[in-house]
Amino acid sequence: MSDPTGARRYFLETWGCQMNELDSQRMAGQLMQDGLLPTHEPLEADVILLNSCSVREKAAQKVYSRLGEYRLFKKDRPSLRIGLCGCVAQQEGQRALDRVPDLDFVLGPARVGELRSILARREAGERVLATGFPEHREFDIDAVSRDGSHKGMVTLIEGCNKRCTFCIVPTTRGPERSRSLRDILAEVRHLLDYGFLEIELLGQTVNHWRDPELDLDFADLLAAIAPMSGLRRLRFLTSYPRDFTPRMVEQVGAHANICPFIHLPVQSGSDRVLRRMGRGYSVDEFRQLVRDLRAVREGLAISTDFIVGFPGETLEDHQASLDLITECRFATLFAFKYSPRPGTAALKLGDGVEDVESSRRLQELFDVQNAIQLELNEELVGATLEVLVTGWGRQAGTLTGRSPCHRIVHFPANASASPRIGQLAQIVIERAMPHSLLGQEVSIP
Ligand code: SAH
Ligand code: F3S
């Protein structure tokens, strides 16, 4: 099936983290500059890109099953081009080209900016393998399709230099590289001028940013960005607990437009497990950081990540995680069963936890968290929250958005002057659920 208008189209599927989301916007932007239009229908696409995640095994498997489906489209459309992008691309490299004969190219995360030249090379006959971490990277801030997004995402750091023993990211995204303050400020200005009210700063360890030449750290960067005119919401992701300095904490307290929401992955509530994970901080240090952050910012919502069933995790360790959850009262929590990843140090640890037991621990953790989340959300009933609209709600006639503390808020889109995606609305909260809030738009007299 080809497009009846004769336009060339691309279909792009994205898994994983915000960095992949931004990489997808960058790939879409390059294709659009070449005159391709987006489609939600893979069957009518001329180019299919799978932007993959390899942080857990399931996500990595999924992309291969998708490749198996899409390659069949080539029977009717030999001109179709299929590219494997993202972290699985970097991890698998040539293996992916060998395994999937109809795959046209493999594009690693550090090579995203080369998409157009890679497609051109494919047209010249080469099945292109573009992986690795070149010194020079293409990055054209004008070739980013941010359409439909409510926020402007800006990369601060590519890659990661930590060596958490469970994590594949340093292998798939390469060594850490901070962008210069000058480039970052220029991109933020560009996005604010374009009309974005919210800016999200990205890095695997975003608060480890340092200017490559000047003696400036993440605290200086926040101090430089927060006062920029037009910036209503500043968020950053992901903070590494050990890299949070008192000066950074101070900045979080100093600027009202820094969102009162911080994602601070702890991974475990047991020092013994944290040591085996190579995280480099203790549970007490994490607790203290949470206290310090809350002391400078009233109503600060903190979210976190946990891994359950890490090799050697005992029932006592698991209980320590549950206790930390009860103590810290996280606003949201992402938890995952440990997934062994190729080439990581944790593979050598032994003492694996049975899958059924890991599932049980995961469920227990969610049960404790859900009850806390419901209580925290119920405290917001009656409050008026400023909501940044992120899209249409699942129910017809509703809109969805995020409060400054990053809670999901649904509300009817009935007002005649209903806000658009990326705009702000004042919502009175009427009902709380564990994972979202319901409310009504405050009518402006
Ligand atoms: N610095 C990034 C880490 C990316 S991975 C960040 O904090 O966003 C995101 C989360 O996935 C991690 O915090 C961890 O909780 C989880 N994760 C990473 N590797 C994992 C693995 N091998 N098994 C299970 N969960 C994992
Ligand atoms: Fe992974 Fe640890 Fe870096 S979780 S992304 S190695 S901070």
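The following paragraphs examine the structure supplied in this document. (Residues numbered from 1 in each chain as written. Chains lettered and ligands numbered in written order. Predicted model: local features only at pLDDT ≥ 70, side-chain atom pairs only at ≥ 80, totals over all residues. Heavy atoms only, no water.)

Before going further, it helps to examine the overall build of the chain. On a plain count of helices and strands, the chain comes out with 13 helices and 19 strands. Against the 2.2 N^0.38 benchmark of 22 Å for 445 residues, the chain shows a C-alpha radius of gyration of 22 Å, consistent with a compact globule. For the chain, the C-alpha atoms occupy an extent of roughly 65 × 60 × 45 Å along the three principal directions. Long-range pairs, those at least 24 residues apart, make up 72% of the contacts in the chain with a sequence separation of at least 6. For the chain, the accessible surface area stands at approximately 19800 Å², while carbon and sulfur atoms represent 51% of it. Distance between charge centres in the chain, computed from 54 positive and 60 negative side chains, equals 3 Å. (Helix = DSSP H or I, 4+ residues; strand = E, 2+ residues; numbered from the N terminus. Rg over C-alpha atoms; globule rule 2.2 N^0.38 Å. Contact = heavy atoms within 4.5 Å. Areas by Shrake-Rupley, 256 points an atom, 1.4 Å probe, with all protein chains shown as cover. Lys, Arg positive; Asp, Glu negative; His and termini not counted. Charge placed at Lys NZ, Arg CZ, Asp CG, Glu CD.)

Within the secondary structure, Asp-104 is located in the loop between helix H4 (94-99) and strand E5 (105-107). Judged by relative accessible area, which is 0%, Asp-104 ranks as buried. One polar contact links the side chain of Asp-104 to the main-chain amide nitrogen of Ile-82, over a distance of 2.7 Å. Those residues within four positions of Asp-104 in sequence are excluded, and the remaining contacts are Lys-74, Leu-80, Arg-81, Ile-82, Arg-122, Glu-126, Arg-127 and Val-128. (Buried < 20%, exposed > 50% of the residue type's maximum accessible area, 1.4 Å probe, protein only. Polar contact = N/O pair within 3.5 Å; in protein donor to acceptor, adjacent residues only side chain to side chain.)

Another point: the nonpolar core. Leu-201, Phe-218, Phe-236 and Phe-244 are the most contacted members of the largest nonpolar core, which totals 66 residues. Not counting the four nearest positions on each side in its chain, Leu-201 is found in contact with Val-154, Leu-156, Val-206, Phe-218, Leu-221, Leu-222, Ile-225, Leu-234, Arg-235, Phe-236 and Leu-237. If you look at the next biggest cluster of nonpolar residues, it comprises 22 residues, including Phe-11, Ala-45, Leu-50 and Leu-103. (Core = buried A, V, L, I, M, F, W, Y, C linked by side-chain atoms within 4.5 Å.)

Comment: phi is negative for the bulk of residues other than glycine, and the bulk of peptide bonds are trans. That bond from Leu-237 to Thr-238 is cis: its omega, 0°, falls within 30 degrees of zero. Looking at where Thr-238 falls in the secondary structure, it is placed in the loop between strand E11 (233-237) and helix H9 (246-254). Backbone geometry places Asp-351, a non-glycine residue, at a positive phi of 55°. Counting through the fold element by element, Asp-351 comes out in the loop between strand E14 (332-337) and helix H13 (355-378).

Turning to helix H2 (residues 57-70), a few remarks are in order. At 3.6 residues per turn, the α-helix brings residues three or four places apart onto the same side. Across its 14 residues, H2 extends 21 Å between first and last C-alpha, which sits within 8% of the 20 Å expected from 1.5 Å per residue. Listed in full, the buried residues belonging to H2 are Ala-60, Val-63, Tyr-64, Leu-67 and Tyr-70. Relative to the axis of H2, the buried residues are bounded by an arc of 130° and lie together on one face. As for H2, its buried residues are in contact with strand E1 (9-14), strand E3 (47-52), strand E4 (81-86), helix H3 (87-92) and H4. (Expected span 1.5 Å × (residues − 1). Arc of directions from axis to C-beta.)

Looking now at the site of ligand 2. In the vicinity of ligand 2, the contacting residues are Cys-160, Lys-162, Cys-164, Phe-166, Cys-167, Val-169, Pro-170, Gln-204, Thr-205, Tyr-240 and Arg-279. Looking at the shell around ligand 2 residue by residue, the classes come out as seven nonpolar, two polar and two charged. (Near = heavy atom within 4 Å. Nonpolar A, V, L, I, M, F, W, Y, C, P; charged D, E, K, R; others polar.)

Close to ligand 1 lie 14 residues; Gln-204, Thr-238, Gln-267, Asp-305 and Ser-339 are nearest. Between ligand 1 and the protein, one listed contact pairs a nitrogen atom with a backbone N or O atom of Phe-166 at 3.0 Å. A total of 530 Å² of accessible area belongs to ligand 1 in isolation, and the protein chains cover 88% of it. Taken together, the elements giving at least two residues each to the shell around ligand 1 come down to strand E13 (301-308) and E14. Looking at side-chain class alone, the shell around ligand 1 contains six nonpolar, four polar and four charged residues.

Tracing the backbone through its elements, the reader meets His-255 in the loop between H9 and strand E12 (261-263). On the accessibility criterion, His-255 (16% relative accessible area) is buried. Every residue in contact with His-255, bar those within four places of it in the chain, is listed here: Leu-222, Ala-223, Ala-226, Pro-227 and Arg-297.

Turning next to the sheet that holds E11. Pairing within the open sheet is parallel, and its three strands lie in the order E7-E10-E11. The sheet is open, and its two borders are formed by strand E7 (152-155) and E11, each paired with just one other strand. Pairs of neighbouring strands in the sheet enclose a mean axial angle of 20°, with direction left out of account. Two elements, E7 and strand E10 (residues 198-202), share four bridges in a ladder whose sense is parallel. Looking across to E10, one finds that Met-153 is bridged to Glu-200. Running over the sheet, helix H1 (residues 18-33) touches E7, E10 and E11 and is turned about 105° from E7. Packing of helix H7 (residues 181-194) onto the sheet brings it into contact with E7 and E10, and relative to E7 it is tilted by some 170°. (Pairing = 2+ DSSP bridges. Axes fitted to C-alpha atoms, helices over the stretch in contact; angles between N-to-C directions.)

Before going further, it helps to spend a moment on the environment of Arg-163. The topology assignment puts Arg-163 in the loop between strand E8 (157-158) and helix H6 (169-173). On a C-alpha basis, the gap between Arg-163 and Gly-280 in space is 9.7 Å, while along the polypeptide they are 117 residues apart. Other than its neighbours up to four places away in sequence, Arg-163 contacts Pro-170 and Met-277.

Two numbers describe how H7 lies on helix H8 (residues 218-225): the axes approach to 11 Å, and their chain directions differ by 30°. Relative to H8, the element H7 is oriented roughly parallel. Considering only the axes of H7 and H8, their crossing is right-handed. Only Leu-221, Ala-224 and Ile-225 of H8 make contact with H7, whose side of the interface consists of Leu-181, Ile-184, Leu-185 and Val-188. Looking at the contact of H7 with H8 residue by residue, the class counts come to seven nonpolar, no polar and no charged. (Parallel < 35°, antiparallel > 145°, perpendicular 65-115°, else oblique. Left-handed = near helix turned anticlockwise from the far one by under 90°.)

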